[in-house]
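If you want the building blocks of each chain, they are given just below.
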Amino acid sequence: MRWGIVGTGGIARRTVGDLQLCDNVELVGICSRDKDRAETFASEHAIPFASADFDEFCTSGQVDAVYIGIPHGLHFDHAARALRAGVHVVCEKPLTMTSAEAEELHRLSRENGVFLMEAMWMKFTPAFRAVTEILGSGTIGEPRLIQAGAGFPVPPDGPARYWVAELGGGALYDLGVYTIALAHAVLGTPDQVIAVGEIREDGVDEQEAYTLRYDSGAVAQLTNSLTAFIPPGGWIGGTRGSITLGEPIFAPRSLRVVTGQPPAPPTVEELDFDQEGAGYVPMFRAASEAILRGDLEHGIHPVSDTVAVLRTLERVRAELVDARNRADQGAQPASLGRPGA
Ligand SMILES: NC(=O)c1ccc[n+]([C@@H]2O[C@H](COP(=O)([O-])OP(=O)(O)OC[C@H]3O[C@@H](n4cnc5c(N)ncnc54)[C@H](OP(=O)(O)O)[C@@H]3O)[C@@H](O)[C@H]2O)c1
């Protein structure tokens, strides 16, 4: 399977070695907006085909699949162009900025008979696969509570993709995509979403704390920030035990499974997992296997999961926008018509 990378930034540099570690991946191409950057990246990583023209890259007949590693706000346009050119797509998270865009990409993937997947590497890690097995075995009983978060401060003059609305800036779509994917994988789509946080007038959110409530009584409490450190961890509490995921939750390498009913002392199991490369190998290998099988998506992270998470992201975001609008109205008490105003 001949792959090409799109973008020469942070994630391209972190994943290039992992693509080259997969025995079913032949990394043959790199595409940049800039010819010199493409050629430099190509020579640094022994990649034969360097292009500064994305459409030419996709129609060249030299790449079967592209891995899109550019800011989120550009994902939909690039993924759509690749799919229309008949090229398989693995695109960085979040796949798109709206659930409707993800549905449109899903349609294009089926129409053109090519594979589509969001690069949700977390779900392909051995530790996350083990979480799924532990939950399925009933070891910790019924999952009832999840707590997870991820955050780090990015200065206002940091990489544009964090703070520029058109590029998809904000904490929620960058980091909430993981915390919500965890909640969805364990508990499914929530019945209610309650969120507080800071969202700027241009729609870029700085941080948020939100609760996903399920009619079963289960609850997920999640936090993301681009203005404060949040340890990138999480745990799942069940009726008979708990699982704590090692940090970072995007690529955990350990799990702590605690079971037992008081007054009996708890049983604690510490599980460690090897990481191949920088942690992206299982995802790229699985995507390549699926493409070689002729599948249009992957069972571990089908497009329907991406769409469901994007819908929850939209609900969280709508809550933040509503709260902001209410706060803005609060600055003009007369318009609120409150008693005594
Ligand atoms: N899975 C993970 O662990 C992980 C980690 C970090 C980021 N990501 C995801 O990867 C994507 C890229 O993140 P990143 O940190 O690699 O971003 P980045 O370094 O800021 O940018 C990535 C590259 O995108 C290309 N690009 C194309 N059009 C651009 C534009 N208008 N503005 C800026 N860059 C543009 C640039 O490459 P050229 O100049 O060569 O065209 C740039 O170097 C995001 O969607 C992010 O969510 C995933």
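Since the structure is predicted, the reported quantities are computational estimates derived from the model, not experimental observations.

1. A few points about the overall build of the chain
The helix and strand inventory of the chain stands at 11 helices and 14 strands. Radius of gyration (C-alpha) of the chain: 21 Å, near the 20 Å computed for a compact globule of 341 residues. Each of the three principal axes of the chain carries a C-alpha extent, and together these read 65 × 60 × 35 Å. For the chain, buried positions account for 50% of its 341 residues. Taking contacts inside the chain between residues at least 6 apart in sequence as the whole, the part at least 24 apart equals 66%. For the chain, the exposed surface amounts to about 14,700 Å²; the carbon and sulfur share of it is 51%.

2. Notes on the pairing of strand S5 (residues 88-91)
Two faces make up the sheet, and in a regular strand the side chains alternate between them. Of the two faces of S5, the one holding His88 and Val90 and the one holding Val89 and Cys91 are both buried throughout. Here 4 bridges tie strand S4 (residues 65-68) to S5, and the two strands are oriented parallel to one another. Residue pairing for S5: Ile68 is matched across the bridge by Cys91. Handedness of the S4-helix H4 (residues 75-84)-S5 crossover: right-handed. As defined by bridge partners, S5 adjoins strand S6 (residues 116-118) across 3 bridges and the pair is classed as parallel. Each bridged residue has a counterpart across the sheet, and for Val89 the counterpart in S6 is Leu116. Note on the crossover from S5 through helix H5 (residues 99-112) to S6: the handedness is right-handed.

Reading the values: the criteria
Residues numbered from 1 in each chain as written. Predicted model: local features only at pLDDT ≥ 70, side-chain atom pairs only at ≥ 80, totals over all residues. Heavy atoms only, no water. Helix = DSSP H or I, 4+ residues; strand = E, 2+ residues; numbered from the N terminus. Rg over C-alpha atoms; globule rule 2.2 N^0.38 Å. Buried < 20%, exposed > 50% of the residue type's maximum accessible area, 1.4 Å probe, protein only. Contact = heavy atoms within 4.5 Å. Areas by Shrake-Rupley, 256 points an atom, 1.4 Å probe, with all protein chains shown as cover. Pairing = 2+ DSSP bridges. Right-handed = clockwise from strand over helix to strand, strands pointing away.

Geometric values such as these leave the question of function open.
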